[in-house]
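# Structure assessment
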Amino acid sequence: MKAFEKNIRKVEPYVPGEQPQRKVIKLNTNENPYAPAPGVTKALEEMDTDRLRLYPDPTAAPLVNALADFYHVNPDQVFVGVGSDDVLSMCFLTFFNSEKPIFFPDITYSFYKVWADLYRIPYECQKLDENFKIVKEDYYKENGGVIFPNPNAPTGLYEDLADVEDIIAHNQDVIVIVDEAYVDFAGRSALELIDKYENLIIVQTFSKARSMAGMRIGYAISNPTLIKYLNDAKYSFNSYTMNQTSIVCGVEAVKDREYFENGVRKIVETREWAKEELTKLGFTYLDSGSNFIFAKHPEYDAKELFEALKAHDIYVRFWGSERIEQYMRITIGTREEMEQLFAFLKEYMWRGSEQLQKKKQVNDTSTCFLNNIFYQCQSIISGNQSFTITFS
C-alpha cells in the first residue's frame, strides 16, 4: 500500500439498477411508465436556451414556491435538491452527527448504509419482523437519529401513519426522517405531522409519481429551522445544485395536479390487477403500497427467473440478499408491458411444467422396469428358474 492510500476515504458504493441503452421492457428501477405532465414538454420546447449561459437561481425559488403552494406550507419549509438521493445525503451530513448510532431497517434502501459509511456515521439496522414490517418498539432505544422509507423499499409495505407517529414521538431528541419516495401510491403522508413535531423531516421525489427520474428533482419539507440548517450545509457544499432546466420543468410538473393524480390512479389500478395475475401463476408477494411488487414463487428459483426474464429483454430487480434471496422486485409498467411480462412467465412455467412431467414419466418407466426385475428375481429364487435381461 502506498503511504497516501491510508488517508483515502474508501466506501463500498451503492449499486443502482441496470439502465440498458436499448429498448427493453424495463421493470427494474421503479420509474414511471407514463410521460411527464404536458406542461413539462411545452416548457422544454419553448425554453430560451440563452438562459443556460447564466447561473440558475441558487434558491430555486420558482420550484420551492410551487411545492409550497401544492402542499400548503410556507416556502421556508421547503428544500430542493438533485433528486431525493441528494436531499437525503445532505440530511445525513447535516443532522446525523452524534456519536450514537442512527437507526434504520435491516431490509431497506441500501443507500442508507453507503451514506453512513461515507460520512462516518455509526448505525444499527433494526430487524423487520417475519412479515417484513417495522417493529416500532425497536426504535425506542437511545440513538443518534432515525430514518426509514414509507412505503419501505424493496418490500413496498406501507406503515400506518399511527405507527409512524409513534416512532417520531419516541424520538423527539433526535432528527427523524421519513423517506416518502413512494407515498403517493400508498396512503396518508407524514406531512400531516410536520407542525406537531419539530424534529421531523419528510423527503419526497419527482422520480416516481411525477415521471421525472431523468430530471433529478427531490425535496424535503420540515419546519423553517431545519430547512435553514439544510440550506446552510448545501451552500457550503454547492450553491447551484438545481439547474435551470430542472427548475422550469419541475414547476410545470407540480402545477398539473389532475395529470399527477390520474397517473397515480392508473399505476395503482395496474398494480392491483398485477397482484391478481401473480396469484394465478402461484406467486406470493407482499401487499405493496408502492409502484412495484416484491414477489417470489415457491417452485421457481428467483435468480433463474430473473435471468430468464433478462434474456428475453424483460428487466426486473433481484438482490439475492439475506432474508430476501427468493424475491424479485417488479416495477409496475403500462398494462401492455405487464401483459408481456405475464405472457412470458406463463410460457416459461408451462415449459417448466412440461419438463417436470417428462422427467416424471422417465422416472415412472425406470421404476416400473426395476420393479419387474425385482419380481422376476423373486420368481427365480423361489422356483430356481433362469432368465435373461436385455438392455437396449
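Here's what I pulled together on the structure shown here. Since we're looking at a predicted model, the values are computed, not measured.

## Thoughts on the side chain of serine 246
Here serine 246 is to be found in helix H7 (residues 244–255). What makes serine 246 buried here is its relative accessible area of 1%. Ignoring any residue separated from it by four or fewer positions in sequence, one finds serine 246 in contact with Met215 and Ile217.

## A few points about the pairing of strand E3 (residues 102–105)
Of the strand pairs in this sheet, E3 and strand E4 (residues 123–126) are connected by 4 bridges, and their pairing is parallel. Directly across from isoleucine 102, in E4, lies its bridge partner tyrosine 123. Between E3 and its parallel partner E4, the chain crosses via helix H4 (residues 111–118), and the hand of that crossover is right-handed. Taken together, the 2 bridges between E3 and strand E5 (residues 145–149) define a ladder with parallel strand orientation.

## A closer look at the sheet that holds strand E2 (residues 78–81)
Strand order in the open sheet formed by 7 strands is E2-E8-E7-E6-E5-E3-E4, and the pairing between neighbours is mixed. The open sheet is flanked by E2 and E4, the only strands paired with a single partner. Averaged over all pairs of adjacent strands, the angle between strand axes in this sheet comes to 20°, irrespective of strand direction. Across 4 bridges, E2 lies against strand E8 (residues 218–221) in antiparallel orientation. By the bridge assignment, phenylalanine 79 is partnered in E8 with alanine 220.

## Structural notes on the pairing of E8
On E8, burial covers both faces: Gly218 and Ala220 on one face and Tyr219 and Ile221 on the other are all buried. The pairing of strand E7 (residues 200–205) with E8 spans 4 bridges and is antiparallel. Across the sheet, the residue bridging to threonine 205 is glycine 218, located in E8.

## Remarks on the pattern of salt bridges
Applying the stated criterion across every chain, the model contains 20 salt bridges. The salt bridge involving glutamate 165 is made with lysine 196; its shortest N-O contact spans 2.6 Å. You can see glutamate 165 sitting in helix H5 (residues 161–169) and its partner lysine 196 sitting in the loop between strand E6 (176–179) and E7, a full 31 residues away along the chain. Its relative accessible area of 18% is what places glutamate 165 among the buried residues. Overall, lysine 196 belongs to the exposed group, its relative accessible area being 55%. We note a salt bridge from aspartate 232 to lysine 228, for which the minimum N-O separation is 2.9 Å. Of this pair, aspartate 232 and lysine 228 both sit in helix H6 (residues 224–235), 4 residues apart, roughly one helical turn. Judged by its relative accessible area of 35%, aspartate 232 is partly exposed. Shared partners join several salt bridges into a network, and the residues in it are Arg271, Glu272, Lys275 and Asp287.

Cut-off values and rules
Residues numbered from 1 in each chain as written. Predicted model: local features only at pLDDT ≥ 70, side-chain atom pairs only at ≥ 80, totals over all residues. Heavy atoms only, no water. Helix = DSSP H or I, 4+ residues; strand = E, 2+ residues; numbered from the N terminus. Buried < 20%, exposed > 50% of the residue type's maximum accessible area, 1.4 Å probe, protein only. Contact = heavy atoms within 4.5 Å. Pairing = 2+ DSSP bridges. Right-handed = clockwise from strand over helix to strand, strands pointing away. Axes fitted to C-alpha atoms, helices over the stretch in contact; angles between N-to-C directions. Salt bridge = Lys/Arg side-chain N within 4 Å of Asp/Glu carboxyl O.

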